[in-house]
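# Examining the three-dimensional arrangement
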Amino acid sequence: MNIVNVASALHLLFSASLLWVIPSQLLFLADMVAFPVSLFLLVRKIASKWSLATAVERLRRHSIEICIDDPQSECSSREGSISGGATRRIKHHEHLDLSQYKPLPEKAAVLLTKASRDGHKRLSLSNALLLLVHLVLFAMVLDFVYRPLLAPGLDLFVFRPGHVSHDSAKLHIRYPDGGQLELRYKELGNGPDWTQAPNVPWESAGVFEPPTNATDFTMTTALMNLRPSTKYIVGLHCRQPTLYAQTALLGSVEFKTAPTPGHPAHLRFATGSCIKPNFPYRPTLSPDIRGFASILDHSDDLDMVVFLGDFIYADLPLYFGSSVEDYRRLYRQVYRTQSARRLMRKVPMVHVYDDHEIMNNWHAGDAPPMGSALAAYNEYNGLANPPSPPNHAYYNFTYGDIAFYAWDTRRYRSHWETEGSIGSRATMLGKEQKAQFIQWLAAVNHTAAVKFVISSVPLTSGWSNVDSSQDTWRGYPTERAEILELTKYVPNLFFLSGDRHEMAAVELPSGNIEFSTSPISQFTFPLIGQFRPNVAGETTLHHRRAGHVKYGILDVDTRTGSVPRVTYSLFTTDVHQGKQPAWVYEAKCSSWR
C-alpha cells in the first residue's frame, strides 16, 4: 500500500468516525491534518497520470511503443513488428526527449495496447471518484462542526413552559424583536383545543418590556394564582408587531398544573440526558434531534420531561471559546431544531446541567469558564426550573405527593478520592448542598409517597473505566456511602441519572433503585464498554449499551392507596423504532405512611 492509499484511508476513517461514530475533538483535529495531506497526494497522482497520458499521445506518431513501469498497467511488446520500431520502458515522471525519434507516417504509428489504455482510463476515473468522496466527506465534516457559526440562530424565537407547579407556571421566552409583550391566558375546556372553551374570557398577566441583548433576548416570567390540576392555554402577544411578527399573537402553549401538594397523583414523565443536533450526521438544511422526535411520539400523555444534563456539548467536536456568546450559540442551535421546538412547546421541561455544558469532566468549581457557561445555562434552561436557593442550581419540587430533589454535581465537587484513601473529605455535593438534601430527606420521608433524586452522573459502581472512576459517584465512595446509608431508610426513593451513553437499572446496596438512561440523541459504543453487573453489593436489573437514542418514561401512580405504583419503560429506536418499550420494569414499592 503506497502513501496515497494510506493518507486517503486515514482521512476517510477519521471523517466517517467523526460523523457517525463519535464527534471527538481529537478525530476532528486528526481529520484536519489528514484531509489536506490526502488531497495533495491524490491530486498529485491524478496530475501525473494526466501528464503521462499527454506524453503518450505525443508519441503516437513516433516509432516507439510505451511500456509503463506501473504494476497496474499491462504492456505488450511488439518489437520488430514495425520497421525501425522500438519498445521503451518509462516511469511515471520520466522526461522523454522526443527529438531523438523521427515521426512516421500515421498508418505506421505504434500506439499503446488497448489493454493498457483502458486500464489508465479506469484508473483515472477511480481517482476522480475518490477525490469527489474526499471533498464531499470533508464538506460534511465542516458543516457538522461549524454549523453553530454558519447558522447562529440570531433570529430564534422561543416560547415554552418550564416548571409548572400547582398554582404557577414559569414561561421561558426568547424574542429578538422590539415591542412590548403581553401574556394572556385562560382555562381550557375538556378538549385539547382552546376553541372548545370559547366562553371562558382571556385574562391578561400584564404588559412588560421585551428582553434585551444583555441576556441574549431571553427572559423567564411566571403566571401566578393558577388552579391545581387545571389545563391552561397561554398566548404571547406583541403590542407593536414588527417585520418578524406580522400578527399580534407570537405563539401559544398549553399545560396542566400539578395537583395540590400532598394529594394523590398520577404522573408520567420522560427522563434522559445527552443530545447533539444531527448526530449521527445527515446532510440537511434543517438539523434535528432524533431522540426528541422519538419522545414526541409519546408526548400526548406526558406531564413533563426531566433532562439530566449535557443539553449542549461545548467541547465536542470543537471548543469554540469561553465567552458567553460561544455557549449561547450552542443553546440556540438546539432550540432551532424542529423536534426541540415542538417538544418543549408541548411538554414542560426541567433541567440539571452536567460537564459538557461547561467542559468535559468539569471539577474546577467557579474557575473560568464556569461563569460564562452558567450564565448561558441560566438564560436558556436554569431560570425556568423550580425555585432554587439564590445563586445556586440545585432545587426541589413536588407533584402532588411525589417529591423531587435535583442535585448540582459539578459546581461544588472537589477532586475525586484516590485509591486506598480512608476517611476522605472528597465531596461531590459540597457541605451546604448536602445539608439541605439531608433536611429534604427528613421532610419527605413520610410525607411523599414516592421520591426521586436527580443526579447528572450515576451512583452505580458498574461503570469501571478510568473516566467513570473519577467523574461519577464511583470516584466519591465515602460521600456516596454516607448518602446511601440515609436513603436506605426512606421508602420508595429512586435515583435518576444519565451521562454514560448507556442504560442501566441497578438496585444499589441501600435497596434504592437507580435508572441511569442516556443518550437521548448522541454517540454510543455498541461493541465495547466496561459495565460490570452485580458488583459491590449491587444487583443489575438491566443493562443496554447499543443505541444512539435511549430514554426512559416513568409512570407513577399514588392513587392506589398506601403502596404506590412505579413503572419504568426503556425506549430506544433500535427496538420497535421507539414506538414500543424495549424493557419494562415495575418496582416493588412499599407502604410509606
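Residues numbered from 1 in each chain as written. Predicted model: local features only at pLDDT ≥ 70, side-chain atom pairs only at ≥ 80, totals over all residues. Heavy atoms only, no water.

Looking at an unreviewed UniProt entry, one finds the protein chain named PhoD-like phosphatase metallophosphatase domain-containing protein, with Coemansia aciculifera as its source organism.

### Observations concerning the overall build of the protein chain
This is how the line gets drawn: Comment: elements are numbered from the N terminus, with helices defined as DSSP H or I runs of at least four residues and strands as E runs of at least two. Burial classes follow relative accessibility: with a 1.4 Å probe on protein chains only, a residue under 20% of its type's maximum area counts as buried, one over 50% as exposed, and anything between as partly exposed. Two residues qualify as a contact provided that any one of their heavy atoms is within 4.5 Å of a heavy atom in the partner residue.
The helix and strand inventory of the protein chain stands at 10 helices and 22 strands. Residues counted as buried form 54% of the 593 residues belonging to the protein chain. Partitioning the intrachain contacts of the protein chain with sequence separation of at least 6 by distance along the chain shows that 72% fall at a separation of at least 24.

### A closer look at the environment of Phe-292
Tracing the backbone shows Phe-292 in helix α4 (residues 290–296). Classification of Phe-292 by relative accessible area gives buried; the value is 0%. Remark: the alpha-carbon pair of Phe-292 and Met-344, spanning 52 residues in sequence, is separated by 9.2 Å. Apart from the residues lying within four places of it in its own chain, the contact partners of Phe-292 are Ile-275, Phe-307, Phe-311, Ser-339, Ala-340, Leu-343, Met-349 and Ile-520.

### Quick word on helix α10 (residues 477–487)
To keep things clear, this is the line we draw: This arc describes the spread of directions from the helix axis toward the C-beta atoms.
Here α10 has its buried residues at Glu-479, Arg-480, Ile-483, Leu-484 and Thr-487. Projected down its long axis, α10 shows its buried positions confined to an angular sector of 135°, all on one face. Turning to α10, the residues buried within the fold contact α8 (431–444) and β16 (493–497).

### A few points about the nonpolar core
The condition that has to hold: By nonpolar core is meant a set of buried Ala, Val, Leu, Ile, Met, Phe, Trp, Tyr and Cys residues that side-chain atoms within 4.5 Å join together.
One finds Ile-275, Phe-292, Ile-295 and Phe-311 to be the most contacted residues of the largest nonpolar core, which totals 39 residues. Of all the secondary structure elements, the ones that give two or more residues to this core are α4, β11 (304–307), α5 (324–336), α6 (338–346), α7 (370–380) and β20 (550–557). Tallying contributions element by element places α7 first for this core, with six residues. In this structure, Ala-449, Val-450, Leu-570 and Cys-589 belong to the second largest nonpolar core, which totals 35 residues.

### Describing the pairing of strand β22 (residues 583–586)
Condition: If DSSP finds at least two bridges between two strands, the strands pair.
In β22, alternate side chains face the same way, and those of Trp-583 and Tyr-585 are buried while those of Val-584 and Glu-586 on the opposite face are not. Note that strand β21 (residues 565–572) and β22 share four bridges and pair antiparallel. Of the residues in β22, the one forming a bridge with Tyr-568 is Tyr-585.

### Section: the pairing of β21
For β21, the tally of buried residues reaches seven of eight residues, placing the bulk of the element in the interior. In this sheet, β21 lies alongside β20 in antiparallel orientation, the contact comprising eight bridges. Across the sheet, Asp-557 pairs through a bridge with Arg-565, a residue of β21.

### Notes on the side chain of Glu-479
The condition that has to hold: Here a polar contact is recorded for every N or O atom pair within 3.5 Å, except that within protein the pair must consist of a potential hydrogen donor and a potential acceptor, and residues adjacent in sequence are included only if both atoms are side-chain atoms.
Within the fold, Glu-479 resides in helix α10. For Glu-479, a relative accessible area of 2% gives the class buried. Separated by 2.6 Å, the side chain of Glu-479 and the backbone nitrogen of Met-428 make a polar contact. The residues contacting Glu-479, other than those within four sequence positions of it, are Glu-417, Ala-426, Thr-427, Met-428, Leu-429, Gly-430, Lys-434 and Trp-473.

### Considerations on the packing of aromatic side chains
Note the following rule: Within 6.5 Å between ring centres, the rings of Phe, Tyr and Trp (the latter by its six-membered ring) count as paired, and their orientation is classed by plane angle as stacked under 30 degrees, edge-to-face over 60, tilted in between.
As enumerated under the stated definition, the model contains 36 aromatic pairs in all. Both rings, one in Phe-307 and one in Phe-311, keep their centres 5.3 Å apart while their planes meet at 80°; by these two values the pair is edge-to-face. Of the two residues, Phe-307 and Phe-311, both sit in the buried class. In this structure an aromatic cluster arises from ring pairing among Phe-269, Tyr-395, Phe-397, Phe-404, Phe-452, Phe-494, Phe-515, Tyr-568, Trp-583 and Tyr-585.

### Here we look at the packing of α5 against α6
Quick reminder of the rule: A fitted line through C-alpha atoms serves as each axis, taken over the contacting stretch for helices, and the angle formed by two N-to-C directions is quoted from 0 to 180°. Roughly parallel means an angle under 35 degrees; roughly antiparallel, over 145; roughly perpendicular, 65 to 115; everything else is oblique. Only Asp, Glu, Lys and Arg are considered charged, only Ala, Val, Leu, Ile, Met, Phe, Trp, Tyr, Cys and Pro nonpolar, and every remaining residue, Gly among them, polar.
Interaxial distance between α5 and α6 falls to 5 Å at its minimum, and their mutual angle equals 80°. By the angle between their axes, α5 is roughly perpendicular relative to α6. For the pair α5 and α6, contact is made by Val-334, Tyr-335 and Arg-336 and by Gln-338, Ala-340, Arg-341 and Met-344, respectively. Within the contact of α5 with α6, the residues separate by chemical class into four nonpolar, one polar and two charged.

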